[in-house]
Amino acid sequence: MSDNDKIEQNKELVEELEAKLKTCEEAGDFAEAVEICERLVNEFDVYNVRFDLPRLYFKAGDYDKIVEYVNSWMRDENNSFLLDLSPGPIVYLGLAYLNLKSYDLAINNYEFLIRYQTQQMSKFPNTISMRKNFIAEAETELGKVYYVQKNFPEAISHFKAALNSVPYLDAIYYIAHISYLGEGKNKDIDTALEGYLQLSECDLSTQNPNLYTFSDKCIINAIYELGMIYAKEPGYRNKEKAIAYLNKAKNLGYMISDEEIRNLTENIINESEKSASSNKNSSGGCYVATCVYGSYDCPQVWALRRFRDNTLAENVFGRSFIKLYYSISPTVVRLFGDYLWFHKLFKTPLDSFVDKLVEKGVETTPYEDK
């Protein structure tokens, strides 16, 4: 009896099981969903749900079953064409290896998938667009393996490779996340903001948390971390934005309470207000540096203030520069200080200049203006 004959003979039961499978997934009962899916595959040979089983095993935490099922499936030469239908089973095989801490197997798995899809692109040019998506997914998952191993430069290289194919949301998130936490390199809030803001404008694939995809979870995490930047990061604090993004993350399912949001945001003073207050109370104030670093009293600004008082102020040209700077910079900061591009424009050259001052012996310890 053929597969189609089995399905047709048991049509009502198959339809009933498929409906029950959908209900179990929506309710988050993945253990029962696995049992139903296994029955549809093994008892009735319902072909399309073969691709669902690795995902359901993953949702249920049955990683060993993913390894057994997908490897058995792919050892069958008659199933080699399945890679052209969907990379899903191979992706979940890599995720199973990752969760089982078999990192080398996970890496080999994704590298194989990338090689295969790259080869097929040259053979079938009409499938290039589809295969670019497959490659971007594999590159992103490969980046996640290196991220878990704390090999951040290698992780970033694969996330960027993914973005060279398509704007894959998970890759955008991880680059922003690594930049936010300063993992493997200097902390870069501006790069983090750029990625997070892009993700915050994306729609979730579903409103049901039990059905969230990896990309959905990246969007929600990005919104939460965006709120945390506005709540805690010097130079970026903004009470209204912090509250708005943290509440949005909570409403989408992020585990944070109303009380936690209140505690995080109740004492925030918007950075522009803080900078203006600091500048009024300081003798001249380093307006641009204070805006960029978020405080008049921080190591970078202490070094710059020492340079101003001990070097620039000691000669006529330096004093002329100081006078010109303080005649222009307050207006510039007032007009543009809240914009992301303004921070990005000045932060890199300021960081470089401060590093050179430190090399020449300028201290970054607390400093009182002369």
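Source: prediction; values computed, not measured.

Asker: Before we go on, may I ask you to explain the nonpolar core in this structure?
Answerer: If you look at soluble globular proteins, the nonpolar side chains tend to sit buried side by side. In this structure, Leu 40, Tyr 196 and Ile 229 are the most contacted members of the largest nonpolar core, which totals 87 residues. Counting residues per element, this core draws most heavily on helix 13 (residues 214-232), which supplies eleven residues. Ignoring anything within four residues of it in the chain, the contact list for Leu 40 reads Val 14, Leu 17, Glu 18, Leu 21, Asp 45, Val 46 and Val 49. In terms of nonpolar packing, the next biggest core, distinct from the first, is built from 21 residues, Tyr 293, Phe 307, Phe 342 and Leu 350 among them.

Asker: I'm lost on the environment of Tyr 110 in this one. Help?
Answerer: Position of Tyr 110 among the secondary structure elements: in helix 8 (residues 103-123). Tyr 110 gets classed as buried once you look at its relative accessible area, which sits at 0%. Along the chain, Tyr 110 and Leu 142 lie 32 residues apart, while their C-alpha atoms are 6.0 Å from each other. Contacts of Tyr 110, omitting those with residues within four sequence positions, involve Ile 90, Val 91, Gly 94, Leu 95, Ala 138, Glu 141, Leu 142 and Val 145. Engagement of the side chain of Tyr 110 in a polar contact is seen with the backbone oxygen of Val 91, the distance being 3.0 Å.

Asker: How should I be thinking about the packing of aromatic side chains in this particular structure?
Answerer: Note on aromatic pairs: each is described by the distance of the centres and the angle between the planes. A full pass over the atoms with the stated rule returns 17 aromatic pairs. Between the aromatic rings of Phe 58 and Tyr 63, the centroid separation amounts to 5.7 Å while the plane-to-plane angle is 55°, which identifies the pairing as tilted. Given the relative accessible area of 17%, Phe 58 is considered buried. Their ring planes at 55° and their centres at 4.9 Å tell us that Phe 342 and Phe 346 sit as a pair that is tilted. Residue Phe 342 and its partner Phe 346 are both found in helix 20 (residues 340-359); the two are separated by four residues, about one turn of the helix. Put simply, the rings of Tyr 147, Phe 152, Phe 159, Tyr 173, Tyr 174, Tyr 180 and Tyr 196 touch in pairs and so form one group of aromatic residues. The aromatic ring of Phe 214 is capped on one face by Lys 144, whose charged end is 5.0 Å from the ring centroid.

Asker: Would you explain the state of the cysteines in this entry?
Answerer: Linking two cysteines covalently via their sulfur atoms produces the bond known as a disulfide. One pass over the structure, following the stated rule, counts zero disulfides. This cysteine, Cys 202, is not joined by any disulfide, and Cys 218 carries the nearest cysteine sulfur, 11 Å off.

Asker: Looking at this model, I keep getting lost on helix 18 (residues 299-310). Mind explaining?
Answerer: Residues spaced three or four apart along an α-helix face the same direction, because each turn holds 3.6 residues. Taking 1.5 Å as the rise per residue, helix 18 with twelve residues should run 16 Å; its terminal C-alpha atoms sit 16 Å apart, in good agreement. Counting buried residues in helix 18 gives nine out of twelve residues, a clear majority hidden from the surface. Its buried side turned inward, helix 18 meets helix 17 (287-293), helix 19 (316-336) and helix 20.

Asker: Where do I start with the side chain of Glu 139 in this structure?
Answerer: Tracing the chain through its elements places Glu 139 in helix 9 (residues 128-148). In this structure Glu 139 is buried but unpaired, with Arg 115 as the nearest side chain of opposite charge at 10 Å. Not counting residues within four places of it along the chain, the set of residues in contact with Glu 139 comprises Ile 114, His 158, Ala 161 and Ala 162.

Asker: How should I be thinking about a nonpolar patch on the surface in this particular structure?
Answerer: On the surface, Leu 335, Phe 336, Tyr 339, Trp 341 and Leu 345 cluster together into a nonpolar patch covering about 520 Å² of accessible area. Tracing the chain through its elements places Phe 336 in helix 19.

Asker: Help me understand the packing of helix 13 against helix 14 (residues 239-251) in this model?
Answerer: The axes of two packed helices give the description: the angle between them and the distance between them. Running from amino to carboxyl end, helix 13 crosses helix 14 at an angle of 155°, the nearest separation of the two axes being 8 Å. Taken together, the axis directions place helix 13 and helix 14 in an arrangement best described as roughly antiparallel. Relative to helix 14, the crossing made by helix 13 is left-handed. Contacts between helix 13 and helix 14 involve Ile 220, Ile 223, Tyr 224, Leu 226, Gly 227, Met 228, Tyr 230 and Ala 231 on the former and, on the latter, Lys 241, Ala 242, Tyr 245, Leu 246, Lys 248 and Ala 249. When its residues are assigned to classes, the contact of helix 13 with helix 14 shows eleven nonpolar, one polar and two charged.

Conventions adopted
- Residues numbered from 1 in each chain as written.
- Predicted model: local features only at pLDDT ≥ 70, side-chain atom pairs only at ≥ 80, totals over all residues.
- Heavy atoms only, no water.
- Core = buried A, V, L, I, M, F, W, Y, C linked by side-chain atoms within 4.5 Å.
- Buried < 20%, exposed > 50% of the residue type's maximum accessible area, 1.4 Å probe, protein only.
- Helix = DSSP H or I, 4+ residues; strand = E, 2+ residues; numbered from the N terminus.
- Contact = heavy atoms within 4.5 Å.
- Polar contact = N/O pair within 3.5 Å; in protein donor to acceptor, adjacent residues only side chain to side chain.
- Phe/Tyr/Trp six-rings, centres within 6.5 Å; stacked < 30°, edge-to-face > 60°.
- Lys NZ or Arg CZ within 6 Å of the ring centre and 35° of its normal.
- Disulfide = S-S within 2.5 Å.
- Expected span 1.5 Å × (residues − 1).
- Lys, Arg positive; Asp, Glu negative; His and termini not counted.
- Salt bridge = Lys/Arg side-chain N within 4 Å of Asp/Glu carboxyl O.
- Patch = residues over 30% accessible without salt bridge, like charges linked within 9 Å, V, L, I, M, F, W, Y side chains within 5 Å.
- Areas by Shrake-Rupley, 256 points an atom, 1.4 Å probe, with all protein chains shown as cover.
- Axes fitted to C-alpha atoms, helices over the stretch in contact; angles between N-to-C directions.
- Parallel < 35°, antiparallel > 145°, perpendicular 65-115°, else oblique.
- Left-handed = near helix turned anticlockwise from the far one by under 90°.
- Nonpolar A, V, L, I, M, F, W, Y, C, P; charged D, E, K, R; others polar.

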